[in-house]
Amino acid sequence: MNLVGIDFSINSPAFCCFKNGKYTWGSVTRSDRSADSLLKNTKKPYFILEQDDNFVLQFVDKGNLPDDYSGRERAKIGYFLEIVNALWNSIIDVMGHEPFQVAMEGLSFSSNGNALIDISMATGLLRERIISEVGVDSFHVFSPTTIKKYAVKGNAKKDELYHALYNFKEDETNLNDFGKILEANKEEWITPSKVVNKPIDDIVDATWINLYLKKELKEIYGIKGNFETTLTASL
């Protein structure tokens, strides 16, 4: 079974791919800071994950929006397409064009005003790419609360999701290796105010989405311990 979990945002989307029994994680960072600047601190996630072949990190320049309304709206669409293309192309580089299932969270209405409009437009662009590749029946959308309840509880914070993931064991895959990285760096990657460093917070979320998708498909189709289907070849 081949699965992809996506935690989507305009500035820091992340993914977790599961293919042939192995996980690969990735993120796209759209920032005012250069890639060299983000990779400079040897204790932070960008540097440490960059050294690991299980992680794929991409960096996109944020750029400045024009002052006039029309120019700003055109530029935003360009930015959205850039981030969606970077994210989706990274996923395809890992998954190839064999059949796979994709899951992401539904929109969070904690955003408001222009921010909600922007994330809605960008999400629509990504969903079109997903459906064009895998088809509607292989695309799943779960509520954020559902994912959090599966991981910890419905109102779980980012740091709680982080801690829960390194305590989640899956011995037949390389998930535990990621868990060891999280546990080893928890003092450095979670601030005293319990803010989880980028991009690890988004990668953790994408992993939980992938794990929940795996659970759902296991319950529906009867997946063996090695995650091969018993009832359908289409998965």
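Residues numbered from 1 in each chain as written. Predicted model: local features only at pLDDT ≥ 70, side-chain atom pairs only at ≥ 80, totals over all residues. Heavy atoms only, no water.

**Some details on a nonpolar patch on the surface**
- A cluster of nonpolar residues, Ile77, Leu81, Ile117 and Met121, forms a patch on the protein surface that exposes about 300 Å² of accessible area.
- Taken together, the elements giving at least two residues each to the nonpolar patch come down to α3 (69–95) and α4 (113–134).
- Counting through the fold element by element, isoleucine 117 comes out in helix α4.
- Residue classification places isoleucine 117 among the partly exposed residues on the basis of a relative accessible area of 46%. (Patch = residues over 30% accessible without salt bridge, like charges linked within 9 Å, V, L, I, M, F, W, Y side chains within 5 Å. Areas by Shrake-Rupley, 256 points an atom, 1.4 Å probe, with all protein chains shown as cover. Salt bridge = Lys/Arg side-chain N within 4 Å of Asp/Glu carboxyl O. Helix = DSSP H or I, 4+ residues; strand = E, 2+ residues; numbered from the N terminus. Buried < 20%, exposed > 50% of the residue type's maximum accessible area, 1.4 Å probe, protein only.)

**Observations concerning the packing of aromatic side chains**
- Within the structure shown, the criterion is met by 12 aromatic pairs.
- Ring geometry for tyrosine 46 against phenylalanine 59: centres 5.7 Å apart, planes inclined by 45 degrees, an arrangement best described as tilted. Of this pair, tyrosine 46 sits in helix α2 (residues 45–50) while phenylalanine 59 is found in strand β4 (residues 55–61), placing the two residues 13 residues apart along the sequence.
- Note on tyrosine 46: relative accessible area 6%, which makes it buried.
- Judged by its relative accessible area of 26%, phenylalanine 59 is partly exposed.
- Note on phenylalanine 142 and tyrosine 212: the rings are 4.8 Å apart at their centroids and 85 degrees apart in plane angle, and the pair reads as edge-to-face. Taken as a pair, phenylalanine 142 in strand β6 (residues 139–142) and tyrosine 212 in helix α9 (residues 200–221) lie far apart in primary sequence, 70 residues in all. For the pair phenylalanine 142 and tyrosine 212, a shared accessibility class is recorded, and that class is buried.
- One residue, arginine 30, lies across the ring of tyrosine 79, its end atom 4.5 Å from the ring centre. (Phe/Tyr/Trp six-rings, centres within 6.5 Å; stacked < 30°, edge-to-face > 60°. Lys NZ or Arg CZ within 6 Å of the ring centre and 35° of its normal.)

**Here's the deal with the confidence of the model for the chain**
- Mean pLDDT over the chain works out to 91, with 91% of the residues at or above the 70 mark.
- Long-range and interchain partners of residues 224–235, a stretch whose pLDDT sits below 50, account for 22 contacts in this model, where long-range means more than four residues apart. (pLDDT = per-residue confidence, 0-100. Contact = heavy atoms within 4.5 Å.)

**Observations concerning the sheet that holds strand β3 (residues 22–31)**
- Taken in spatial order, the six strands line up as β4-β3-β2-β1-β5-β6 in an open sheet, and their pairing is mixed. Lying at the two open borders of the sheet, with one neighbouring strand each, are β4 and β6. Neighbour-to-neighbour, the strand axes of this sheet turn through a mean angle of 15 degrees, independent of strand direction.
- Of the strands in this sheet, β1 (3–7), β2 (14–19), β3, β4 and β5 (101–105) are in contact with α3, which crosses β2 at around 20 degrees. (Pairing = 2+ DSSP bridges. Axes fitted to C-alpha atoms, helices over the stretch in contact; angles between N-to-C directions.)

**A look at the nonpolar core**
- Tyr162, Phe178, Leu182, Ile200, Val204 and Trp208 are the most contacted members of the largest nonpolar core, which has 39 residues in total.
- For this core, the elements supplying multiple residues, two or more each, are β2, β3, α2, β4, α5 (144–151), α6 (158–167), α7 (175–184) and α9.
- Looking at this core element by element, the count peaks at 10 residues for α9.
- Apart from the residues lying within four places of it in its own chain, the contact partners of phenylalanine 178 are Trp25, Phe55, Leu165, Ile200, Ile203, Val204 and Thr207.
- The next biggest cluster of nonpolar side chains, apart from the first, holds 27 residues, and it includes Ile83, Ile92, Met95 and Val134. (Core = buried A, V, L, I, M, F, W, Y, C linked by side-chain atoms within 4.5 Å.)

**Side note on the side chain of aspartate 118**
- Summarising the element assignment, aspartate 118 is placed in helix α4.
- Taking the relative accessible area as the measure of exposure, aspartate 118 reaches 14% and is therefore buried.
- In this structure, aspartate 118 is in contact with Ile10, Lys76 and Phe80, ignoring residues within four places of it in sequence.

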